[in-house]
Amino acid sequence: MRILKGVLVQKYGGSSLSDAENIKNAATRIGKTFDDGYRLVVVCSAMGQTTDQLLRLAMSVTPDREPREMDLLLSSGEIISSTLVAMALRAKGYPAISLTGLQAGIRTDGLHGNARIASVDTTRILSEINSGNIAIVAGFQGFTDNFDVTTLGRGGSDTSAVALAGALSAERCEVYTDVDGIFTADPKIVADARKIDEITYEEMLELAAYGVKMHPRSIELGSLYNVPIRISSSFSDQIGTLVHGGIRTMEFGIKVTGVAYDRNVAKITLRRLPDRPGVAALLFERLSAEGISVDTIVQNASLDRYTDISFTVGRDDSDKAMETVRSVAGELDVYDMVADSTLCKISIVGSGMLNAPGYASSMFRALADADINIDMITTSEIRITCIVPELKVEEGVRILHKTFGLGNP
Ligand code: ASP
Ligand code: MG
């Protein structure tokens, strides 16, 4: 008799399912976990570069991306991989069944291409896993009230997995990819970047948003539902990085956990705006109505009742943001506006940092000594960010990694 343990969710990324061999490897790992007695839900990304290929295919048919059709097309990538994983498991004698996002009860809003999960109806999944099946769920997708298929945004399978783990009160969500976990910096840039064993959701959220690859919304969900997330490689047996909400013990103290960067930065500056109530409200209301998410915002002290506002958006949103600003230029009374896409973001991340003196100044000093000019600065509880020229970003990351003692001793 199989003694049923708690629920575990495993997510396999595209690189871990890139070909038949890797699919069989994933099935071996899934089988072992099942043998341990877990009730198991597996979430799959599309194989390798499938999503990009589908995007290119659509482009070659027509340049216009009709959102509803695009979503149904893109969702097929995850259906392919999840059915193949189920077949690989069944070939090994395991009882596996594949489910689309719709069959798995993942209901979303109607924002095609970037839909948000509204609710998860776990009835079908629970009946599968409670009757001894391994549920293999196609990630990245859900469905609307009209039963149209939606996708959750690029990289969204992470979010599917953590949402399911939350809804099922899973013990843990394990995310398998082709790297050993989360690093103190991008190993492609910093030779002695080290794997981080444990990290809080907040820190991870900053690192995810700044270049370490996990879908940021998955970390928000993990934090909301308190799901521990273990990120590791499907190509090794290393333990990976555990992301959780645990409070750092005093022994850990305050420290910089990692250095992040993000090239996806465009800065928009509005010059000589009248300094009166309602100007910023109008500007950012319009941007948000267009679905443009704004990151760093800086407003200068007012001079002669005029002020400048700069803000950053993702580079993909730069043109749309400029259009939006132009459409309200009259109402805003703005004198001039410019967009700049030659900048990048560098951040140091660590819990409790902001309340401890010295971190900001050490960061600025290190950048200054390397002759790296800082364009904008923002801080949060656990992060200090500088916007710097893109040409200097790699050097900046290496310098900060060293300055804060993150490399090999
Ligand atoms: N296949 C989708 C993408 O490439 C979703 C995912 O991999 O998480 O973005
Ligand atoms: Mg991913």
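Residues numbered from 1 in each chain as written. Chains lettered and ligands numbered in written order. Predicted model: local features only at pLDDT ≥ 70, side-chain atom pairs only at ≥ 80, totals over all residues. Heavy atoms only, no water.

## Description of the site of ligand 1
- In the vicinity of ligand 1, the contacting residues are Ser45, Ala46, Thr51, Glu78, Phe140, Arg154, Gly155, Gly156 and Ser157.
- Glu78 is positioned such that a nitrogen or oxygen atom in its side chain is 2.6 Å from a nitrogen atom of ligand 1.
- The fraction of the free accessible surface of ligand 1 (260 Å²) that becomes covered by protein chains is 86%.
- Looking at the shell around ligand 1 residue by residue, the class counts come to two nonpolar, five polar and two charged. (Near = heavy atom within 4 Å. Polar contact = N/O pair within 3.5 Å; in protein donor to acceptor, adjacent residues only side chain to side chain. Areas by Shrake-Rupley, 256 points an atom, 1.4 Å probe, with all protein chains shown as cover. Nonpolar A, V, L, I, M, F, W, Y, C, P; charged D, E, K, R; others polar.)

## Remarks on the packing of aromatic side chains
- Evaluated as defined, the whole model comprises five aromatic pairs.
- With a centroid separation of 5.9 Å and 90° between ring planes, the pair formed by Phe34 and Tyr94 is classed as edge-to-face. Here the residue Phe34 occupies a position in helix α1 (residues 20–35), and Tyr94 occupies one in the loop between α3 (67–91) and β3 (96–99), the gap between them amounting to 60 residues.
- By relative accessible area, which is 7% here, Phe34 ends up buried. (Phe/Tyr/Trp six-rings, centres within 6.5 Å; stacked < 30°, edge-to-face > 60°. Helix = DSSP H or I, 4+ residues; strand = E, 2+ residues; numbered from the N terminus. Buried < 20%, exposed > 50% of the residue type's maximum accessible area, 1.4 Å probe, protein only.)

## A look at the sheet that holds strand β12 (residues 241–244)
- Ordered in space as β3-β6-β2-β1-β9-β11-β12-β10, the eight strands form an open sheet in which the pairing is mixed. Every interior strand has two partners, whereas the edge strands, β3 and β10 (198–200), have only one. For this sheet the average axis-to-axis angle between neighbouring strands, irrespective of direction, equals 20°.
- Bridge count between β10 and β12: three bridges; the pairing is parallel. Of the residues in β12, the one forming a bridge with Thr200 is His244.
- Each of β1 (7–12), β2 (39–44), β3 and β6 (134–138) is contacted by helix α4 (residues 123–130), which is oriented at about 125° to β2, the strand it contacts most. (Pairing = 2+ DSSP bridges. Axes fitted to C-alpha atoms, helices over the stretch in contact; angles between N-to-C directions. Contact = heavy atoms within 4.5 Å.)

## Some words on the environment of Cys173
- With respect to the element layout, Cys173 can be found in strand β9 (residues 172–177).
- Those residues in contact with Cys173 that lie beyond four places of it in its chain are Val9, Ala161, Val162, Ala165, Val227, Pro228, Ile229 and Arg230.

## Comments concerning helix α2 (residues 50–61)
- Taking 1.5 Å of rise per residue, 12 residues should cover 16 Å, and α2 covers 17 Å from first to last C-alpha, within 8% of that figure.
- Turning to α2, its buried residues number three or more, namely Thr50, Thr51, Leu54, Leu55 and Ala58. Here the buried residues of α2 occupy an arc of 140° about the axis, which is enough to place them on one side. Set apart from the buried face of α2 by more than 90 degrees, the exposed residues are Arg56, Leu57 and Ser60. (Expected span 1.5 Å × (residues − 1). Arc of directions from axis to C-beta.)

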